[in-house]
Amino acid sequence: MLRNFNGKTAGKVMIAASLLFGSLAGVAHAADKGSTKNVILMIPDGMGISYLTATRIYKGEELSFERYAKGLMKTYSNDTNITDSAAAGTAMATGYKTNNGVIAVTPDGKRPESILDAAREKGKSTGLVATSRITHATPAVFTAHDPSRGNEVALATEYINNVDVILGGGRDMFLPQAEGGQQPERNLVAEAEAAGYDYITNRSELDDVTSDKVLGLFAMSDMKYDIDRDKVNVPSLSEMTELAVETLSQDQDGFFLMVEGSQIDWAGHANDPTALITDMLAFEEAVDVALAFAKKDKNTLVVVVGDHETGGMNIGNTPGGYKENIDILKNAKGSSNTVLGALKEEAQTVGIENAKVVDGSYYVPVRDIVAELDGELTYHAQAFAADVSIGRATFRIDLGGKKIVAGSQTLDADLFIEKGTSYIALDSIAGLIGLQAAVGTTADKPEETTAYLVDVKQVVEPIVGFKLTDEDVTYLTSVNWNNNTTLTNEIGTVVSAHALISWGSRNHTGEELPVYAYGAGSGEFVGLIDNIDLPRILSYLMGVDLFDNEESFMEKLEKRRTE
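Residues numbered from 1 in each chain as written. Predicted model: local features only at pLDDT ≥ 70, side-chain atom pairs only at ≥ 80, totals over all residues. Heavy atoms only, no water.

*Asks:* Quick rundown of helix H15 (residues 470-477)? Include the residues and the values.
*Replies:* The complete set of buried residues in H15 reads Asp472, Val473, Leu476 and Thr477. Projected down its long axis, H15 carries its buried residues within an arc of 125°, all on one side. Facing away from the buried surface of H15 by more than 90 degrees, the exposed residues are Asp470 and Glu471. If you follow the buried residues of H15, they end up packed against strand E21 (436-440), helix H14 (456-464) and helix H16 (484-498). (Buried < 20%, exposed > 50% of the residue type's maximum accessible area, 1.4 Å probe, protein only. Helix = DSSP H or I, 4+ residues; strand = E, 2+ residues; numbered from the N terminus. Arc of directions from axis to C-beta. Contact = heavy atoms within 4.5 Å.)

Put into C-alpha cells, the structure is as follows:
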C-alpha cells in the first residue's frame, strides 16, 4: 500500500504525482478490502481492439463502456502464447495458468476454486449467462473442473446448486438421452426443479420467474448470432443479463455474475464482420444493463474484458488502400450462417457419384444429370445430337461437333465421350439452366459427392445487402459445400472484402486486451495486468478471501503502476 505522507513533503509529493501521473488520478491508494458488494464480469469472447473500432465506425459513435477504459490484460496460457478460451477462462476465474483445452485444472492436477465459488461460500448469490451452450469453456471454468473442455456432459453435472442463475443455450447437456439430450442417465433439468430452480426455455417466460434460482436454457445447443436470433422466442443477451441482475440483487449479501458474449468469438473464427459487429452491439446493450444497475446501486463493480482476440481482424485491406467500407454492412439481414442456410435450402441437389474429375472440374453423364433435374432428353442417332429440356430451358447438344445450340446462340460445349457415355461439364449444364454449380465431397465417401445448383446472386444479395461480383460467385462455388464451416468461412471472406476488412487468422491471436471498469474498485485495473490478476483483484474487492496474502498482492500491484 502506498504510504501516507504528512506536512510540506506530502504536498510536494502529491503535486508532483498529479503532474507526472495525471492518467492515474484517483488510484493513488488501493480501495479497501471488501468495499465492493457486487461484481458483474462481462466477457466479450474474442474481442480485440479492432472489434471495438469496427463497431464504433458502424455505430457512428463510441460504445457506451469505452469511456471507462482502464488498462490492458495479458492473455497467454501455461503452454502457449496464444491461449484458447478454456485456459484463458481458467486464469480469469481461478487465478492460475493452465494448458489450452483444460477446464480449471492446473498442470500439476490441482482443481482450484473460482471467484464464483468463493463468492458463493461467502454467502453471495452467483450467476452465469452466455449465448453459447452454458457448458462451453468460458462459463464452465467458473463452476466446473475437467482435463478436457470437450467433456461438457460431465461439466453440466457441476452447475445445479453451485450456481443460482444459469442462462444460455445447451439444453441438450442437461436432458437425458431418452428425451433427446446427452446425459446418459441423469435428468439435470428435473434435478434443478427439485432443488427449487425456476426452469424456463422461452423469452415469454422471463417475467414468470419468481424463485431466487433460475435455469434458463433457450436452445437445444448453442444460441444463434443476434442478427439471426428468433426475437420472439429467444431472449437477447441484455434481456438475460437483466433477469440475472434482478434475481441476484435480491440477495442482501451481494452477488457475483459473469456474462459472456460468446459468439463474438465465433464470428471472428468465421471472419464474419456482420455477425461480429451486431453481436458486439448486442453485448454493449448487456453492458448497459449492468452499468445502469451499478450507477443506481453504488456498491457494484462492472468489469469488461475479453479472454483473447480472435481472427486478427484489420480495418482495411490491400485493395482498399487507406479506406474502409464498414457502412455497407448496415444493409445486411443475416450472418454467414443465414446465407449458408439459404443457399442450401434453395439449391437443387444432385448425386454425382458417377462424375469424372478432369483437371479439377466435374463432368457428369448427360442422361444422368438431365434425369436428376427432372428434365427430358431426346437422342437423335443420325444427327449424333440430343435435345434437352430442363424447366424452361431448352437446347440441343451437338455431340459430334461439341456445340450447344440454345435459341439463336451457338456455344462451344465442354464435353467428352468415354466408352459410349457422353459427359458434360457440370458448370456448363448449370449455366444452361441459369444457375451456378458447386460440389460437396466427403472424405473417403465418393457416394456422397453432391452437386448443388443454385442462383447464387439471387439468394445471397438480399441477405448481405450488396451486389456480388462474378468473382464473388466463383469464390463461393469453388469450396466444398458438404462442409458447412468451409462455406460459411468463404461467405465471411467475400463480405469482408466488400467492407474492406482483412483477417490474419481463423484462430485466436496473442495480443493484450483492453480492460474497462466502472464502479466500486474500478481504479484497481489501471495499467497492464495479467489474466491471473483479475480474480485476485476481484477477490480482494469483494472480500471473499479466495487467495492468501491478498493485501500484499494489491500493494505490489499498486506499487508497480505508480512508481
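*Asks:* How would you explain the sheet that holds strand E12 (residues 356-358) if you had to name every residue and give the values?
*Replies:* Strands sit in the order E12-E13-E20-E19 across an open sheet of 4 strands; the sheet is antiparallel. Edge positions in the sheet fall to E12 and strand E19 (415-418), since each of these pairs with one other strand and no more. Pairwise comparison of adjacent strand axes, ignoring direction, gives a mean angle of 30° for this sheet. Two elements, E12 and strand E13 (residues 361-365), share 3 bridges in a ladder whose sense is antiparallel. Across the sheet, residue valine 357 finds its bridge partner in E13, namely tyrosine 362. (Pairing = 2+ DSSP bridges. Axes fitted to C-alpha atoms, helices over the stretch in contact; angles between N-to-C directions.)

*Asks:* Can you break down the sheet that holds strand E22 (residues 450-454) residue by residue, with the values?
*Replies:* Taken in spatial order, the 3 strands line up as E11-E22-E21 in an open sheet, and their pairing is antiparallel. The sheet is open, and its two borders are formed by strand E11 (348-351) and E21, each paired with just one other strand. Adjacent strand axes in the sheet meet at a mean angle of 25° when their direction is disregarded. Direction of pairing for E11 relative to E22: antiparallel, over a ladder of 4 bridges. Paired with glutamine 348 across the two strands is leucine 453, which belongs to E22.

*Asks:* Describe the side chain of histidine 145, with residues and values.
*Replies:* Structurally, histidine 145 is set in the loop between helix H5 (137-140) and helix H6 (152-156). Judged by relative accessible area, which is 13%, histidine 145 ranks as buried. At 3.0 Å, the side chain of histidine 145 forms a polar contact with the backbone oxygen of proline 112. Once you skip the residues sitting within four places of it in the chain, histidine 145 turns out to touch Ile103, Ala104, Val105, Arg111, Pro112, Leu155 and Glu158. (Polar contact = N/O pair within 3.5 Å; in protein donor to acceptor, adjacent residues only side chain to side chain.)

*Asks:* Residue-level account of the side chain of serine 50, with values.
*Replies:* Structurally, the position occupied by serine 50 is in helix H2 (residues 49-59). Leave out the neighbours within four places in its chain, and serine 50 touches Glu309, Met313 and Ile315.

*Asks:* Please provide a residue-by-residue account of the packing of aromatic side chains, values included.
*Replies:* Two aromatic rings, taken as a pair, are described by how far apart their centres are and by the angle between their planes. This model, assessed by the stated rule, comprises 10 aromatic pairs. Summarising the aromatic geometry, the rings of phenylalanine 255 and phenylalanine 293 are spaced 5.8 Å apart at their centres and angled 50° between planes, so their arrangement reads as tilted. Pair noted here: phenylalanine 255 is in strand E7 (residues 255-260) and phenylalanine 293 is in helix H10 (residues 273-297), with a separation of 38 residues, a long-range link. One aromatic cluster in this structure is built from Phe65, Phe283 and Tyr516. The ring of tyrosine 518 is capped by lysine 295, whose NZ or CZ atom sits 5.6 Å from the centre of that ring. Over the ring of phenylalanine 547 we find arginine 536, and its NZ or CZ is 4.2 Å from the ring centre. (Phe/Tyr/Trp six-rings, centres within 6.5 Å; stacked < 30°, edge-to-face > 60°. Lys NZ or Arg CZ within 6 Å of the ring centre and 35° of its normal.)

*Asks:* Explain the pairing of strand E16 (residues 393-398) to me, using residue names and the numbers behind them.
*Replies:* Residues Ala393, Phe395 and Ile397 point to one face of E16 and are all buried, whereas Thr394, Arg396 and Asp398, pointing to the other face, are not buried. Hairpin connection from strand E15 (residues 385-390) to E16: 2 residues lie between these consecutive antiparallel strands, with glycine 391 at a positive phi of about 60°. Inspection of the sheet shows E16 paired to strand E17 (residues 403-406) by 3 bridges, in the antiparallel sense. By the bridge assignment for E17, arginine 396 is matched with valine 405. Linking E16 back to E17 in an antiparallel pair, the connection comprises 4 residues, with lysine 402 at a positive phi of about 50°.

As far as function goes, none of this settles anything; it's purely spatial.
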